[in-house]
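Residues per chain are reported as follows:
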Amino acid sequence: MNRQLPLSIQLNDEATFTNFCFGDNTLLNQQLQATLDGTGDRLLYLWGAPGSGKSHLLQACCQALKSPQSAIYLPLKSLIEWGPAVIDGIEEQALICIDDIETIAGHKDWEEALFHLYNRVRDHEQATLIMTSQSPPLQTKLLLPDLRSRLSWGLVIQLLELGDTGKINSLKLRARQRGFELPTTVGYFLINRCGRNMHDLEALLNRLDEASLIAQRRITIPFVKHILGL
């Protein structure tokens, strides 16, 4: 971790490629693997709807990078209050993953700092930069035209949101890795009654897992209704 960062950003151990359901994002999977292997683009911009898995993928990239190469994950939602000085010198990292670019829109100092970082990484032939946002570069609310233009220079890929079946399969996979089976009927119940945002659904799954362990009960629809007050 860059010594200048004022706080330690901990990666989620469960954010790996093995427990991410790519669904129709086969091309994205191939591009990320190529980038990590050193055969793909060094400048990537990944965009998609909230809850589509962008943060998961960035952390997975950091954890998949082969030692002794160094990686850094920067969620701008957590770092914006610290000011742009926190990204000074990070172009020395082998892999730089910057999450939530839309967070700094309208913050002139941050936008200029990111613009200069992009240029430094582009000139630093050993560094790779992967960024995420909720919209394509030219459709962001960033005020600095040169920054929007720079973000379009590299490979721009949309992270397609999973359909209902894909979301249920993703939840079932996550449950299996936590040591239990999630019935398909419970998966459909969750997405129909609790929303389709994968981030929220995974949080619910963790909550249900903990409650089932305490109660020593299987996760069924009646159990879900009781725990969630539905």
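Because the structure is predicted, anything quoted here is derived from the model rather than measured.

Engineer: Let's hear about the pattern of salt bridges: which residues, and what values?
Structural biologist: With the rule as written, the count across this model stands at seven salt bridges. Residue arginine 178 pairs with glutamate 14 through a salt bridge whose shortest N-O separation is 3.0 Å. With a gap of 164 residues between them, arginine 178 in the loop between α6 (164-177) and α7 (184-194) and glutamate 14 in the segment before α1 (26-37) connect regions that are remote in the sequence. Judged by its relative accessible area of 27%, arginine 178 falls in the partly exposed class. Two residues, arginine 120 and glutamate 91, come together in a salt bridge whose shortest N-O distance is 3.0 Å. One end of the pair, arginine 120, is in helix α4 (residues 108-123); the other, glutamate 91, is in the loop between α3 (76-79) and β3 (95-99), with 29 residues separating them in the sequence. According to the relative accessible area criterion, arginine 120 is partly exposed, its value standing at 29%. Overlapping salt bridges bring together Glu14, Arg178 and Asp209 as one network.

Engineer: So what about the pairing of strand β2 (residues 71-75)? Which residues, and what values?
Structural biologist: Burial within β2 is extensive, with four of its five residues counted as buried. Bridging between β2 and β3 involves five bridges; their strand directions are parallel. Across the sheet, residue tyrosine 73 finds its bridge partner in β3, namely cysteine 97.

Engineer: Could you give an account of the side chain of glutamate 111, with specific residues and numbers?
Structural biologist: With respect to the element layout, glutamate 111 can be found in helix α4. Excluding its chain neighbours within four sequence positions, the residues that come into contact with glutamate 111 are Ile104, Ala105, Gly106, Leu142, Leu143, Leu144 and Leu147.

Engineer: Account for helix α9 (residues 221-228), naming residues and giving values.
Structural biologist: For an α-helix, the turn length of 3.6 residues means that residues three or four places apart are oriented alike. Regarding α9, the residues found buried are Phe223, Val224 and Leu228. Angularly, the buried residues of α9 cover 115° about the axis, an arc narrow enough to put them on a single face. Facing away from the buried side of α9 by over 90 degrees, the exposed positions are Pro222 and His226. Packed against the buried residues of α9 are α7 and α8 (198-215).

Engineer: Report on the sheet that holds β2, specifying residues and quantitative values.
Structural biologist: Overall, parallel pairing links the five strands, which are arranged β2-β3-β4-β1-β5 in an open sheet. The open sheet has two edge strands, β2 and β5 (155-158), and neither has a second partner. Averaged over neighbouring strand pairs, the angle between their axes works out to 15° when direction is ignored.

Engineer: Go over the packing of α6 against α7 with me, naming the residues and quoting the values.
Structural biologist: Two elements in contact, α6 and α7, have axes whose closest approach is 10 Å; the angle formed by their N-to-C orientations is 120°. By the criterion of interaxial angle, the relationship of α6 to α7 is oblique. Crossing of α6 over α7 shows right-handed handedness. Residue-level contacts link Asp164, Thr165, Ile168 and Lys172 of α6 to Thr184, Gly187, Tyr188 and Ile191 of α7. Along the lines of polarity and charge, the residues of the contact of α6 with α7 split into three nonpolar, three polar and two charged.

Engineer: Could you give me a rundown of unusual backbone geometry, with the residues and numbers involved?
Structural biologist: Even without being glycine, aspartate 100 reaches a positive phi, approximately 65°. Take aspartate 100: it is sitting in the loop between β3 and α4. A relative accessible area of 11% means that aspartate 100 is categorised as buried. With a phi angle near 55°, glutamine 216 is a residue other than glycine that sits in the positive phi range. When you line up the elements, glutamine 216 lands in the loop between α8 and α9.

Conventions we followed
- Within any chain, residue numbers begin from 1 and follow the written order of that chain's sequence.
- Thresholds applied to this predicted model are a pLDDT of at least 70 for local features of residues and 80 or more for the giving and counting of side-chain atom pairs; totals over whole chains, interfaces and linings are not thresholded and use all residues.
- Side-chain metrics in this entry use all non-hydrogen atoms of the structure; hydrogen atoms and water are not considered.
- Put simply, a salt bridge is a Lys or Arg side-chain nitrogen that is within 4 Å of an Asp or Glu carboxyl oxygen.
- A run of H or I in DSSP counts as a helix once it spans at least four residues, and a run of E counts as a strand once it spans at least two, with each numbered from the N terminus.
- The buried label goes to any residue with under 20% of its type's maximum accessible area, the exposed label to any with over 50%, and the partly exposed label to all in between, with areas taken from a 1.4 Å probe on protein chains only.
- The pairing criterion for strands is at least two bridges between them, as found by DSSP.
- Any pair of residues with heavy atoms lying within 4.5 Å of one another is described as a contacting pair.
- Note: the arc covers the axis-to-C-beta directions of the helix.
- The angle between two axes is taken between their N-to-C directions and runs from 0 to 180 degrees, where each axis is a line fitted to C-alpha atoms and a helix contributes only its stretch in contact.
- Note on angle classes: values under 35 degrees are labelled roughly parallel, values over 145 roughly antiparallel, values of 65 to 115 roughly perpendicular, and the remainder oblique.
- In this scheme, a crossing is called left-handed if the near helix is turned counterclockwise away from the far one by less than a right angle; it is called right-handed if the turn is clockwise.
- When residues are grouped by polarity, Ala, Val, Leu, Ile, Met, Phe, Trp, Tyr, Cys and Pro land in nonpolar, Asp, Glu, Lys and Arg in charged, and all others, Gly among them, in polar.

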